[in-house]
Amino acid sequence: MIKENVGRVLKELPDNIMLVAATKARPVFAIEEAINAGIKIIGENYVQEAEEKFKVIGNKVKWHLIGNLQKNKAKRAVRLFDMLQTLDTMELASILDRECKKIGKIMPVLIEVNSGREPQKRGVLPEKVESLVKEIIKFENLRLMGLMTMGPLVSKPDEIRQFLKKTKEIFDRIKNSGTGGSDWSYLSMGMSDTYKIAIEEGANIVRIGTAIFGKRESLPTTAREH
Ligand SMILES: *Cc1c(COP(=O)(O)O)cnc(C)c1O
C-alpha cells in the first residue's frame with residue numbers, strides 16, 4: 001500500500017517539486033517501505049523521535065524538522081537534521097547559529113509563517129516576516145532558504161488557498177527585493193489534502209503524511225516527547 005501511494009504521489013508531482021514524507025508517529029518499517037519506493041526526504045516533528053529513527057535509518061535519506069523546535073533541543077537538532085523548516089524567532093536562530101558553529105555546520109533553514117494568524121500556533125505573523133529575514137540572514141552558520149507554512153485547519157481543502165496565496169506573496173516580495181539573499185528559493189506548503197492547491201499557489205516543497213502512510217488515528221501516538 002505504502003509503495004503504491006508513494007508511486008502515485010511521485011507520479012503526480014511536477015519534477016521541480018520536492019516531496020517530504022511526513023513521518024511523525026510512523027514506525028520505522030513503514031518509513032523504510034516508503035524509502036524503498038522512492039522517498040528521499042523525511043520530515044519529523046520531534047527531535048527525540050527523529051533520533052530514534054535515525055539510529056536505524058541513518059543517512060540514506062535527508063532529514064527535515066517540520067515541527068516546533070524547543071530551545072533546549074537545538075543542540076541535538078543541528079546534529080541530526082539537514083534542514084530546519086520551522087524557525088520563527090531571533091532567539092532560536094541565535095542559539096542554532098551558535099550550535100552550528102561548534103560543529104562547523106551550515107544549516108539550511110526556512111522561516112515558518114503563521115499565515116492563519118492563529119494565537120495558539122507558532123510561526124511568524126505575516127507582517128513580521130521581512131524584518132526577521134533581515135536579521136536571520138546575518139547569521140553565518142544558517143543558510144536562509146525560504147518560507148514554510150501550515151495554514152489553519154479548514155473544513156474544505158480549498159479554504160486553505162487564501163493563506164497559501166498570502167504566504168506566496170510574502171515569499172515573492174522578499175525574493176524580488178533581494179532581502180532574502182541568493183539562497184532564497186523554497187516555499188514549503190501543502191499536506192495530503194491540500195498539496196495540489198499548494199502547488200497551484202507556488203509551493204515547491206510539499207509535506208505529505210496521510211496520503212502515503214494512511215490515517216494516523218489508527219496508530220499509537222506515543223511520539224510526543226513532552
Ligand atoms: C503531519 C504534518 C504534515 C503532513 O500532514 P498529512 O495531513 O498527514 O499529510 C505536514 N506538515 C507538518 C508540519 C505536519 O506536522
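It should be emphasised that the depicted structure is a prediction, and the values quoted were computed from it without experimental measurement.

## Side note on the nonpolar core
One finds Phe 81, Leu 96, Leu 142, Leu 147 and Ile 212 to be the most contacted residues of the largest nonpolar core, which totals 62 residues. Per-element tally for this core: the top contributor is helix H5 (residues 90–103), with 5 residues. Beyond its immediate chain neighbours, meaning those up to four positions away, Ile 212 contacts Ile 2, Asn 5, Val 6, Ala 21, Ala 34 and Ile 39. Counting residues in hydrophobic clusters, the runner-up holds 7 residues, among them Met 83, Leu 110, Met 148 and Ile 205.

## Considering the site of the ligand
Residues in contact with the ligand amount to 13 residues; listed here are only the nearest, Lys 24, Asn 45, Ser 192, Gly 209 and Thr 210. Measuring from an oxygen atom of the ligand, one finds a side-chain N or O atom of Ser 192 at 2.5 Å. Separating a nitrogen atom of the ligand from a side-chain N or O atom of Arg 207 is a distance of 2.8 Å. Class assignment for the residues of the shell around the ligand results in 6 nonpolar, 4 polar and 3 charged.

## Re empty space enclosed by the protein
With the rule as written, the count across this model stands at 1 cavity of 30 Å³ or more. In this structure, the largest cavity is lined by Glu 112, Val 113, Asn 114, Ser 115, Gly 116, Glu 118, Lys 121, Thr 149, Met 150, Gly 151 and Pro 152. Taken together, the residues of the lining of the largest cavity sort by class into 3 nonpolar, 5 polar and 3 charged.

## What about helix H7 (residues 161–177)?
Given a rise of 1.5 Å per residue, 17 residues ought to cover 24 Å, and the 24 Å separating the end C-alpha atoms of H7 matches this to within 8%. Every buried residue belonging to H7 is among Arg 161, Phe 163, Leu 164, Thr 167, Ile 170, Phe 171 and Ile 174, and all of these are buried. Taken together, the buried residues of H7 touch strand S5 (107–113), helix H6 (129–136), strand S6 (142–149), strand S7 (186–188) and helix H8 (195–200). Following H7 by one or two positions, Gly 178 adopts a phi angle in the positive range, close to 85°.

## Some points on the pattern of salt bridges
Evaluation of the coordinates by the stated rule reveals 20 salt bridges. Its salt-bridge partner being Arg 161, residue Asp 158 comes within 3.0 Å of it at the nearest N-O pair. Here the salt bridges share partners, and the residues they tie into one network are Asp 158, Arg 161, Lys 165, Glu 200 and Glu 201.

## Comments concerning the side chain of His 64
Mapped onto the fold, His 64 is located in strand S3 (residues 62–65). At 3.0 Å, the side chain of His 64 forms a polar contact with the side chain of Gln 85. Beyond its immediate stretch of four places on either side in the chain, His 64 contacts Met 18, Val 20, Ile 41, Ile 42, Gly 43, Glu 44, Phe 81, Met 83 and Gln 85.

Rules used in this analysis
Residues numbered from 1 in each chain as written. Predicted model: local features only at pLDDT ≥ 70, side-chain atom pairs only at ≥ 80, totals over all residues. Heavy atoms only, no water. Core = buried A, V, L, I, M, F, W, Y, C linked by side-chain atoms within 4.5 Å. Buried < 20%, exposed > 50% of the residue type's maximum accessible area, 1.4 Å probe, protein only. Helix = DSSP H or I, 4+ residues; strand = E, 2+ residues; numbered from the N terminus. Contact = heavy atoms within 4.5 Å. Near = heavy atom within 4 Å. Polar contact = N/O pair within 3.5 Å; in protein donor to acceptor, adjacent residues only side chain to side chain. Nonpolar A, V, L, I, M, F, W, Y, C, P; charged D, E, K, R; others polar. 1 Å grid on protein atoms, 1.4 Å probe; cavity = no way out; pocket = protein on both sides within 12 Å on 5 of 7 lines; lining within 4 Å. Points joined across faces, edges and corners; volume = space filled by probe spheres on them. Expected span 1.5 Å × (residues − 1). Salt bridge = Lys/Arg side-chain N within 4 Å of Asp/Glu carboxyl O.

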